[in-house]
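# Descriptive analysis of the structure
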Amino acid sequence: MNGLVYTRYELLRALRNRRFFFFSLGFPLLFYFVIAAPNRHVTDFDGSGISLPLYYMVGLTSFGTMVAMISTGTRIAAERQVGWTRQLRITPLSTRAYFRAKLLAAYMMAGLTIVLLYGAGASLGVGLPAGNWLAMTGLILIALLPFAALGITLGHLINVDSIGPATGGGASLLAFLGGTWFPLGSHGFLYQLGQLLPSYWLVQAAHTGITGHGWPARGWIVIAVWSALLSLAAVYAFRRDTKRV
Amino acid sequence: MTGTGIRLSRLSKSFRSPEGPVHAVRAIDVSIERGEAVALLGPNGAGKSTTIDMLLGLQPPDSGDVSLFGHTPREAVHRGLVGAMLQTGSLIQYLSVRELLKMMASVYPSPLGVEAVLSQTGLEAIAARRTQKLSGGETQRVRFALALLSDPDLLVLDEPTVAMDVEARHEFWNSMRAFAARGKTVVFATHYLEEADQNADRVVLMAHGRVVADGPPTEIKARVGSRTIRATLPDADPGELAALAGVARAERRGEAVVLSCADSDQAIRALLERYPAARDIEIAGAGLEDAFLALTADPDTDTDADAPPPALAP
């Protein structure tokens, strides 16, 4: 069995889906320029000591990559709709090879989102030490794992007519509770809740670019636990997904 | 590899529905030898698709057992022994026909060459076309090509010609027979008696989740091939009509009468002799539905007369 050929065509399919590309990559970018371009000279955003273009670059990178990962579910729901998932079940394709292809396609989209937003930030004068860029990118990629598993799970549980609201609403809620749009502060219910969510640590991963500090142990644990739970859910959802849609 | 073919033993499957449980498949036993081409014939809701789903391991049976060449369905699929064209389904987008076949060939242990499959299924001319630009018939041919990719020992086709026009159907069955001629086992579901007659060595007739007849196509045709005569005849008495030579049953529907015939040639002569005023006469092959209703109403074939009426399989 040659999983590489299968994965290669899966990536090619993702790259050729122009409309998906346009909306998935275009919106965070557009959003970024609308907010940050007119305020490119704000060097101390809201008393944080951070320039506004930098603040929103990391915020939208965490949001854009999260959406890119969860959107895997949209493509899977569409494949189920045309009976393709059932077709795959009567081939020897392993669960592992299937997941690898879906995961890599999702990471490819997230990677492109990162490159585009970093480029957009740089075009508005964002400059960071090389170590910060690297640490931020590495942690973001790790923090995206639970969202990839979430996307696959939703794709196999929800039909194509309701997957849009499910992934859009889910991503918005997780972004909101994770502190993507405004700081959660350092106490209170939302802060306590946020600390338990993968989206909070994704935002913190992106903030590594600003602060230079990585996650505390708690961040690693929360991401690891969510990754494990959602991966199990994804495997379960895929294995039971053999019915006619 | 063992020489055993396909064994379905006491296979049952029910679904929940708002009206109570639906017994889609009721303890059927079917044995198919290697190299046979078998049609699963029956009206919608007879349990054909559910049987095929269980045969392929897509749905677990409630009870009973499936063995494909001595393997479970999952093992057989894993070894690339099974190719299938499911009833509903289209193709994933953003790949050409050739790319899609290459992608799927890569998951099999010893696939046929993609170019060979393209030529066998007559797809060379559209091999470079994107899957989303194909017509319904072309899509079906690509799905057939996907089923052949692994060079399977068993080919399973669930109502494969639904989206095809007459010519496409003809070509499709030619390709299928060419495949079967290589000693392969073929199981296909259809609700067309003619398709079963022309392309199968053997017909398994299903109704209400049961096997109601199993034999060569000629035998099955004789059992379900009765005809009906319909004529406008306002004054005739159904009792007298039923007594005509060749007529099994007579029924009044408004101005018209409908005669179910054991021998329609004899019946039409008798009808016109006795009732010269009969007009608007139509002679039609009985729908399979009617034939199956007749078959399943027979107490010998239906031991479960109190069972709820069959619902359409999902």
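The structure we're discussing is the one just above.
Residues numbered from 1 in each chain as written. Chains lettered and ligands numbered in written order. Predicted model: local features only at pLDDT ≥ 70, side-chain atom pairs only at ≥ 80, totals over all residues. Heavy atoms only, no water.

Time to look at the pairing of strand E5 (residues 82-85) of chain B. Residue and element names in this part refer to chain B. Alternating positions in E5 separate into two faces, Val82 and Ala84 on one and Gly83 and Met85 on the other, with burial throughout. In this sheet, strand E6 (residues 154-158) lies alongside E5 in parallel orientation, the contact comprising 4 bridges. Counterpart to Val82 in the pairing with E6 is Leu154. (Buried < 20%, exposed > 50% of the residue type's maximum accessible area, 1.4 Å probe, protein only. Helix = DSSP H or I, 4+ residues; strand = E, 2+ residues; numbered from the N terminus. Pairing = 2+ DSSP bridges.)

All names here are of chain B. Tallying each qualifying case throughout the model produces 16 aromatic pairs over all chains. Judged by centre distance (4.7 Å) and plane angle (55 degrees), the rings of Trp173 and Phe188 are tilted. Taken together, the residues Trp173 in helix H6 (residues 166-180) and Phe188 in strand E7 (residues 185-190) connect sequence positions 15 residues apart. Comparing Trp173 with Phe188 shows no difference in burial state: the two are buried. Cluster of aromatic residues (ring-pair linked, three or more members): Phe144, Phe172, Trp173 and Phe188. Lying across the ring of Tyr275, Arg274 places its NZ or CZ 4.7 Å from the centre. (Phe/Tyr/Trp six-rings, centres within 6.5 Å; stacked < 30°, edge-to-face > 60°. Lys NZ or Arg CZ within 6 Å of the ring centre and 35° of its normal.)

The next subject is the sheet that holds strand E3 (residues 37-41) of chain B. Residues and elements named next belong to chain B. Reading across the sheet, the 6 strands line up as E5-E6-E7-E3-E8-E9 and stay open at both edges, with mixed pairing between neighbours. Because the sheet does not close on itself, it has two edges, and the strands there are E5 and strand E9 (210-215). The sheet shows a mean angle of 15 degrees between the axes of neighbouring strands, direction not considered. Across the sheet, helix H1 (residues 48-55) lies against E3, E6, E7 and strand E8 (202-207), angled at about 150 degrees from E6, the strand it touches most. In the packing of helix H5 (residues 136-148) onto the sheet, the strands contacted are E5 and E6, and the crossing angle to E5 comes to about 170 degrees. (Axes fitted to C-alpha atoms, helices over the stretch in contact; angles between N-to-C directions. Contact = heavy atoms within 4.5 Å.)

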